[in-house]
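Descriptive analysis of the structure
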Amino acid sequence: MKISYHGHSVVYIETQGTKLIIDPFLTGNGLTDLDPSEVKVDVILLTHGHNDHVGDTVALAKSNDALVIAPFELSTYLSWQGVRTHPMHIGGSHQFDFGTVKLTQAFHGSSYTIEEEQKIVYTGMPAGLLFTAEGKTIFHAGDTALFSDMKLIGERNTIDLAFLPIGDNFTMGPEDAAIAAEWLQAKRVVPIHYNTFPVIEQDPVEFAENLSGKKGLALKVGESIDL
């Protein structure tokens, strides 16, 4: 399984012939290296409905006939845009032919903003994602604060690679994310959701180097890791 990071919270996974992307915020993301017109994807996984996570989902889903997996309300809203969806919710898991997806809780908001109409569409509760394939488990925390049930997630799952937000202001900052890394007991930890906007500027290398057990890995945009 090959996993690559593409700025903000965008993670791309290739496993057993299936291409997946998590939170594909590409258009308007000054840090990404991906051109949405060139992205090939079979499955889109969404943690919540904020515009900087839904991103190019509709366009990618339509151009690739990709399946969108998202929390129920967000899934329903996107289905109205004409894309194929599989709704899920927190605590639920589903075995797909490419792997297993389980939604965990996250402490954040979830809504889609339609700027031209000055309208905010409620998209349910935010979530984290546990994705298991080829005997490996990846945890993408989405946008979240630190919460004590991360200990339970770590106790019940062997997490090979965790993606944790460090930007602060809207999510955990580096100090809380470091605690989350310990509670999750992840073998490797990659920081996400930083430096896209001035208010979330952080040093990902410093964060990674400060984690115990040399588990921190500050992936550069476009860089990948094999599990």
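Residues numbered from 1 in each chain as written. Predicted model: local features only at pLDDT ≥ 70, side-chain atom pairs only at ≥ 80, totals over all residues. Heavy atoms only, no water.

1. Some thoughts on the packing of aromatic side chains
Selection criterion: Think of it this way: a Phe, Tyr or Trp ring, Trp meaning its six-membered ring, pairs with another when their centres are within 6.5 Å, and the plane angle makes it stacked under 30 degrees, edge-to-face over 60, tilted otherwise. In this text, helices come from DSSP runs of H or I with a minimum length of four residues, and strands from runs of E with a minimum of two, each type numbered from the N-terminal end. When accessible area is computed with a 1.4 Å probe and restricted to protein chains, residues below 20% of their type maximum are described as buried, those above 50% as exposed, and intermediate ones as partly exposed.
Inspection of every chain in the model, using the stated rule, returns 5 aromatic pairs. Between tyrosine 5 and tyrosine 194, the aromatic rings sit 6.4 Å apart at their centres with planes inclined by 25 degrees, giving stacked as the arrangement. On the criterion of sequence distance, the pair formed by tyrosine 5 in strand S1 (residues 2-5) and tyrosine 194 in the loop between strand S14 (188-192) and helix H6 (204-210) is long-range, its members being 189 residues apart. Judged by its relative accessible area of 7%, tyrosine 194 is buried. Ring geometry for phenylalanine 107 versus phenylalanine 147: centroids 5.1 Å apart, planes at 50 degrees, classification tilted. In this pair, phenylalanine 107 is assigned in the loop between strand S8 (99-105) and strand S9 (111-114) and phenylalanine 147 in the loop between strand S12 (136-140) and helix H4 (150-156), connecting sequence segments 40 residues apart. Taking relative accessible area as the criterion, phenylalanine 107 reaches 47% and is therefore assigned partly exposed.

2. Some words on the pattern of salt bridges
Operational definition: The working definition used for a salt bridge is a side-chain nitrogen of Lys or Arg within 4 Å of a carboxyl oxygen of Asp or Glu.
Counted by the stated rule, this structure contains 3 salt bridges. Measuring nitrogen to oxygen at the nearest pair gives 3.2 Å for the salt bridge that ties arginine 84 to aspartate 65. Taken together, the positions of arginine 84 in the loop between helix H3 (72-79) and strand S6 (85-88) and aspartate 65 in the loop between helix H2 (57-64) and strand S5 (67-71) put the pair 19 residues apart, joining distant regions of the chain. Taking the shortest distance from any N to any O, the salt bridge between lysine 215 and glutamate 182 comes out at 3.9 Å. On the criterion of sequence distance, the pair formed by lysine 215 in the loop between H6 and strand S15 (224-226) and glutamate 182 in helix H5 (residues 174-184) is long-range, its members being 33 residues apart.

3. A few points about H2
Threshold: The arc in question is the one traced by the directions running from the helix axis out to the C-beta atoms.
Taken residue by residue, H2 has Thr57, Leu60, Ala61 and Asn64 as its buried positions. Buried residues of H2, seen end-on, are gathered within an arc of 100 degrees and therefore sit on one face of the element. Exposed side of H2, more than 90 degrees from the buried face: Ala59, Lys62 and Ser63 are the residues found there. One or two positions beyond H2, positive phi appears at aspartate 65, with a value near 50 degrees.

4. Some points on the sheet that holds strand S2 (residues 11-15)
Rule in force here: Here, strands pair whenever DSSP counts at least two bridges between them. Simply put, an axis is a line fit to the C-alpha atoms, just over the touching stretch for a helix, and the angle between two N-to-C directions goes from 0 to 180 degrees.
Across the sheet, 7 strands lie side by side as S6-S5-S4-S3-S2-S1-S15; this open sheet has mixed pairing. Where the open sheet ends on each side, the last strands, each with one partner, are S6 and S15. Strand-to-strand twist of the sheet, defined as the mean angle between neighbouring strand axes without regard to direction, takes the value 20 degrees. In this sheet, strand S3 (residues 18-22) lies alongside S2 in antiparallel orientation, the contact comprising 5 bridges.

5. Some thoughts on the environment of leucine 130
For clarity, the threshold we go by: In this analysis, two residues are considered to be in contact whenever any of their non-hydrogen atoms come within 4.5 Å of each other.
The topology assignment puts leucine 130 in strand S11 (residues 127-133). Classification of leucine 130 by relative accessible area gives buried; the value is 5%. Along the backbone, leucine 130 and threonine 100 are 30 residues apart, and their C-alpha atoms lie at a distance of 7.9 Å. Setting aside anything within four residues of it in sequence, one finds leucine 130 in contact with Thr100, Val101, Lys102, Thr104, Thr137, Ile138, Phe139, Ile153, Asn157 and Ile159.

6. With respect to the nonpolar core
We count it as follows: For the purposes of this section, nonpolar cores are sets of buried Ala, Val, Leu, Ile, Met, Phe, Trp, Tyr and Cys residues that join through side-chain atoms within 4.5 Å.
By size, the foremost hydrophobic cluster in this structure holds 48 residues, and its most contacted members are Ile3, Ile13, Ile69, Val101, Phe131, Phe139 and Leu164. At 5 residues, S11 tops the list of elements feeding residues into this core. Excluding anything up to four places from it in sequence, phenylalanine 131 contacts Met1, Ile13, Thr15, Leu20, Phe98, Gly99, Thr100, Val101, Lys136, Thr137 and Ile138. Counting 20 residues, the second-largest nonpolar core is a separate cluster that includes Leu26, Ile44, Leu60 and Val83.

7. Concerning H3
Every α-helix carries 3.6 residues per turn, so stepping three or four residues along brings you back to the same face. Residues of H3 that are buried include every one of Leu74, Ser75, Tyr77 and Leu78, and no others. One side of H3 carries all its buried residues, which in axial view fall inside an arc of 165 degrees. Where H3 is buried, its residues touch helix H1 (51-54), H2, S5, S6, S9 and strand S10 (119-122).

8. So, unusual backbone geometry
Even without a glycine there, the phi angle at histidine 8 is positive, about 55 degrees. What makes histidine 8 buried here is its relative accessible area of 0%. You will see that aspartate 65, though not glycine, has its phi angle at about 50 degrees, which is positive. Judged by its relative accessible area of 51%, aspartate 65 is exposed.

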